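In case you want the letters, here they are:
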Amino acid sequence: MSTTGRYGRFGGQYLPETLMPAVGELERAFDDARRDEAFTQEFDRLLREWVGRPTPLTDASRLAREVGLRRVTLKREDLAHTGAHKINNALGQALLAKRMGKHRIVAETGAGQHGVAAAAACALLGLECIVYMGTEDVRRQHPNVFRMKLLGAEVREVDAGSRTLKDAINEAIRDWVTNVRTTYYLLGSVVGPHPYPAMVRDFQSVIGREARAQHVERVGKLPDVVVACVGGGSNAMGIFSGFIADRDVKLRGVEAGGLGIESGKHAASIVGGREGVLHGARSLVLQTDDGQIRETHSVSAGLDYPGVGPEHAYLHETGRVRYVSRTDVEALEGFQLLSRTEGIIPALEPAHAIADLPHIRDDHGADTDVLVCLSGRGDKDLDTVMERLA
Amino acid sequence: MATLTVDGKVRLERAFAKARAERRLAVVVYLTVGYPDRDATAPLLRAALDGGTDIVELGVPFSDPLADGSTVQRASETALRNGVTLDDCIREGADLVRERDAAVQLMGYTNPFYRRGYERLASDLRAAGIAGVIVPDMPAEESAELDRSFAPSGLVRVDLYAPTTPDERLARLLPSARGFVYCVSLTGVTGARDRLGPDVGDLVARVRRHTTLPVAVGFGIATPTHVAALRGVADGVAVGSAVLDVIGRAAVPDRATALRDFVRSLVEAGRS
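Cut-offs used in this document
Residues numbered from 1 in each chain as written. Chains lettered and ligands numbered in written order. Predicted model: local features only at pLDDT ≥ 70, side-chain atom pairs only at ≥ 80, totals over all residues. Heavy atoms only, no water. Helix = DSSP H or I, 4+ residues; strand = E, 2+ residues; numbered from the N terminus. Rg over C-alpha atoms; globule rule 2.2 N^0.38 Å. Contact = heavy atoms within 4.5 Å. Lys, Arg positive; Asp, Glu negative; His and termini not counted. Charge placed at Lys NZ, Arg CZ, Asp CG, Glu CD. Core = buried A, V, L, I, M, F, W, Y, C linked by side-chain atoms within 4.5 Å. Buried < 20%, exposed > 50% of the residue type's maximum accessible area, 1.4 Å probe, protein only. Phe/Tyr/Trp six-rings, centres within 6.5 Å; stacked < 30°, edge-to-face > 60°. Salt bridge = Lys/Arg side-chain N within 4 Å of Asp/Glu carboxyl O. Polar contact = N/O pair within 3.5 Å; in protein donor to acceptor, adjacent residues only side chain to side chain. Nonpolar A, V, L, I, M, F, W, Y, C, P; charged D, E, K, R; others polar. Arc of directions from axis to C-beta. Pairing = 2+ DSSP bridges. Axes fitted to C-alpha atoms, helices over the stretch in contact; angles between N-to-C directions.

1. Remarks on the overall build of chain A
- A tally of helices and strands in chain A yields 16 helices and 14 strands.
- Here the C-alpha radius of gyration of chain A, 19 Å, is about what a compact globule of 390 residues would show, namely 21 Å.
- Sequence-distant contacts in chain A: of pairs separated by 6 or more residues, those separated by 24 or more amount to 75%.
- Side chains of chain A carry 48 positive and 53 negative charges; the gap between the two charge centres is 2 Å.

2. Looking at the nonpolar core
- In terms of nonpolar packing, the biggest core is built from 97 residues, with A:Leu96, A:Tyr184, A:Tyr185, A:Ile239 and A:Phe240 touching the most fellow members.
- Per element, the largest residue contribution to this core is eight residues, and it comes from helix 5 (residues 113-125) of chain A.
- If near-sequence neighbours (up to four positions away) are discounted, A:Phe240 is found in contact with A:Val226, A:Ala228, A:Leu251, A:Arg252, A:Gly253, A:His312, A:Val321 and A:Tyr323.
- Counting residues in each nonpolar core, the second largest holds 95 residues, with B:Tyr35, B:Ala162, B:Val184 and B:Leu259 among its members.

3. Some thoughts on the packing of aromatic side chains
- Overall, the coordinates contain nine aromatic pairs over all chains when judged by the stated rule.
- A ring pair is formed by A:Trp176 and A:Tyr185, whose centres lie 5.5 Å apart and whose planes are at 55°; its orientation type is tilted. Each of the two residues, A:Trp176 as well as A:Tyr185, counts as buried.
- Ring centres of B:Phe16 and B:Phe180 lie 5.1 Å apart, and the angle between their planes is 50°; on these two criteria the pair is classed as tilted. Placement of the pair is B:Phe16 in helix 1 (residues 8-21) and B:Phe180 in the loop between helix 8 (167-173) and strand 7 (181-184), with a sequence separation of 164 residues. Accessibility assignment for this pair places B:Phe16 and B:Phe180 in one class, buried.

4. Observations regarding the interface of chain A and chain B
- Contacts between the two partners involve 36 residues from chain A and, on the opposite side, 39 residues from chain B.
- Connecting chain A to chain B are five salt bridges.
- A salt bridge links B:Glu142 to A:Arg6; its shortest N-O distance comes to 2.9 Å.
- Taken together, chain A and chain B are joined by 24 residue pairs in polar contact (both at pLDDT 80 or more).
- At the level of elements, helix 1 (20-34), helix 8 (165-178) and strand 11 (274-278) of chain A are the ones that each hand at least two residues to the side of chain A that touches chain B.
- In terms of residues, the side of chain A that touches chain B owes the most to one element, helix 8 of chain A, which gives eight residues.
- Of the residues assigned to the side of chain A that touches chain B, the class counts are twelve nonpolar, twelve polar and twelve charged.

5. Side note on the pattern of salt bridges
- Here the structure, examined in full by the defined rule, presents 70 salt bridges over all chains.
- Between B:Arg116 and B:Asp124 there is a salt bridge; the shortest N-O distance is 2.8 Å.
- B:Arg116 gets classed as buried once you look at its relative accessible area, which sits at 11%.
- We classify B:Asp124 as partly exposed; its relative accessible area is 21%.
- The shortest N-O distance in the salt bridge between B:Arg157 and B:Asp159 comes to 2.5 Å. Both residues of the pair, B:Arg157 and B:Asp159, belong to the buried class.
- Taken together, the shared-partner salt bridges connect A:Arg252, A:Arg322, A:Arg326, A:Glu330, A:Asp356 and A:Asp363 into one network.

6. Some thoughts on helix 7 (residues 142-150) of chain A
All names here are of chain A.
- All of the buried residues along helix 7 are Asn144, Val145 and Met148. Each buried residue of helix 7 lies within a common arc of 105° when the element is viewed along its axis, so the set occupies one face. Away from the buried face of helix 7 by more than 90 degrees, exposed residues His142, Pro143, Phe146, Lys149 and Leu150 are located.
- Positive backbone phi, at 90°, marks glycine 152, one or two positions downstream of helix 7.

7. Observations concerning unusual backbone geometry
- Geometrically, the link from A:Arg53 to A:Pro54 is a cis peptide bond, its omega value of 0° lying close to zero.
- With respect to the helices, strands and loops of the structure, A:Pro54 is situated in the loop between helix 2 (37-51) and strand 3 (57-59).
- A cis amide bond, omega 10°, links A:His194 with the succeeding residue A:Pro195.
- Relative to the assigned elements, A:Pro195 resides in the loop between strand 8 (183-185) and helix 9 (196-219).
- If you check the backbone angles, A:His279 has positive phi at about 50° while not being a glycine.
- Phi at B:Arg23 is positive, roughly 55°, even though this residue is not glycine.
- With respect to the helices and strands, the residue B:Arg23 is situated in the loop between helix 1 and strand 1 (26-32).

8. Concerning the environment of B:Ala229
- Tracing the sequence through the fold places B:Ala229 in helix 10 (residues 224-229).
- When the C-alpha positions of B:Ala229 and B:Gly201 are compared, they lie 9.9 Å apart, and in sequence the two are 28 residues distant.

9. Thoughts on the sheet that holds strand 7 (residues 154-158) of chain A
Residues and elements named next belong to chain A.
- Here four strands make up an open sheet; going across it, the order is 7-6-5-8 and the pairing parallel. Since the sheet does not close on itself, it has two edges, and those belong to strand 7 and strand 8, each with one partner. Direction aside, neighbouring strands of the sheet carry axes that sit 25° apart on average.

Written as structure tokens, this is what we have:
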């Protein structure tokens, strides 16, 4: 990656002029912080003592038998504090904001997991936190709204556009434009303008570093395939970053296929999208022929986004990562399969990765060791799943 | 068809020169194409010109207008519901240029322009006699491709500068500015405000140290009082959300008259 934040022709900083100095300042502050041992030590300490890292690697032998693979291991981000990998990035950025002297934090959230993580990190560090959330998501994810409020955050409902994650990001950016001198924008995925895709990947790369070492220690070798779900793509970039240099390890991203790619009702920006510019970056985007951003559909609110991180677009183009999609129905099957075989209820997002396991067997054979990034736990999705299975 | 030999950039320059000769601020009016309905746009644009508009900014609706406040957001949503496309916007502009020899620009977000392809966009705009574009989410760092496609046709991409833009950035970027310079009057999104941003005079003065191009001030400009306060500061004012508010408030048969009278009040307020 170049210093201008481009991954091939993807990435960049498509932003209002008002914010250009702010992203420059952020880039310098981040570069400075990651070279500062005091900062990285404090981050590592809080990851250990507050987030509960390292998260374990679980050998899922009953699941492996069921899907016909030699070995399946799960990287248990569902056991991280607040129930998903989102906390790694939220904590890192909140520490950075505090270091920059910015005490007002704005964040966006879709399913609510990033909003909860941001609210928790701000509570820990004594920062003001405002979370933008689409009215449709507020309706779908009510318990998380309550959690954010308990954690001291103000939740602002966004009643514009599709009233989901993309509109929450628009509104968070508008707040940032208006209050840029005092406000830090804590973006939750590897999307947006540079330096966010690189910074969020770096804060999430702890997933890949831990998982690689744990797998080598446990199994005595690297996995053959690493699989993760991809919405914006932060848990996937986090785990992939540990294996990108290992050319023999196949990397696989699973997008939300919704009702099926051919139905047009999905959120698979790589499998079904085209090049475009959304939220400050050039990437692959679900859009109409006239360049309007399309409404998306997924049973999983966390994957329900019409864009994807620019580095994923690049890894797709170079062929280093293979991207596929799994439908709502398949994800619901994956959700039940993991619950039944391993006693672990996954979030609907990584349930898409679980649902991909039989296809990995078909593509790579039964003698394959697969590492799955289990990015979050499923408590938040019980209502949705109950409705769907009724 | 003789007017089509004059290119859009010349019309922009002529518009500022005319206002200067009349010792007043040029008035730039923004209107979202297809708001409040598809058929409304053509008569509203003509009413704006009848009121004395010097430059027309045709707003290309976009699904995710992240630099816009609620007024333009809603207008944009309405226009998209009405099925307005980039082709419609170019057609409205072409008609206005042909009939009125008007100075016309498109204002819109990167993605619809990118999807069209910058080369094709350039030839479409050139054929329509449209001067160029203003793209609020395309800073100079990301404009190289578009600029390359626009340069041979003499089309202009007007840069926006903000109170947060530091001097060294102005010094670096302003020498390549074309047409005029658009100063954002406040730190924030578009939308009518009660008061002018406190930094506007300072920003215009900082900009003028690096360019002799005309300077227009926009974002938040809503009333003749705001316009009057910018006499002797800027060369022009850009008014968008307040225009949409006037149209939205008027009864359907009175829209055009209300808009014409509002624009006239802005033009008069800009006379010294």
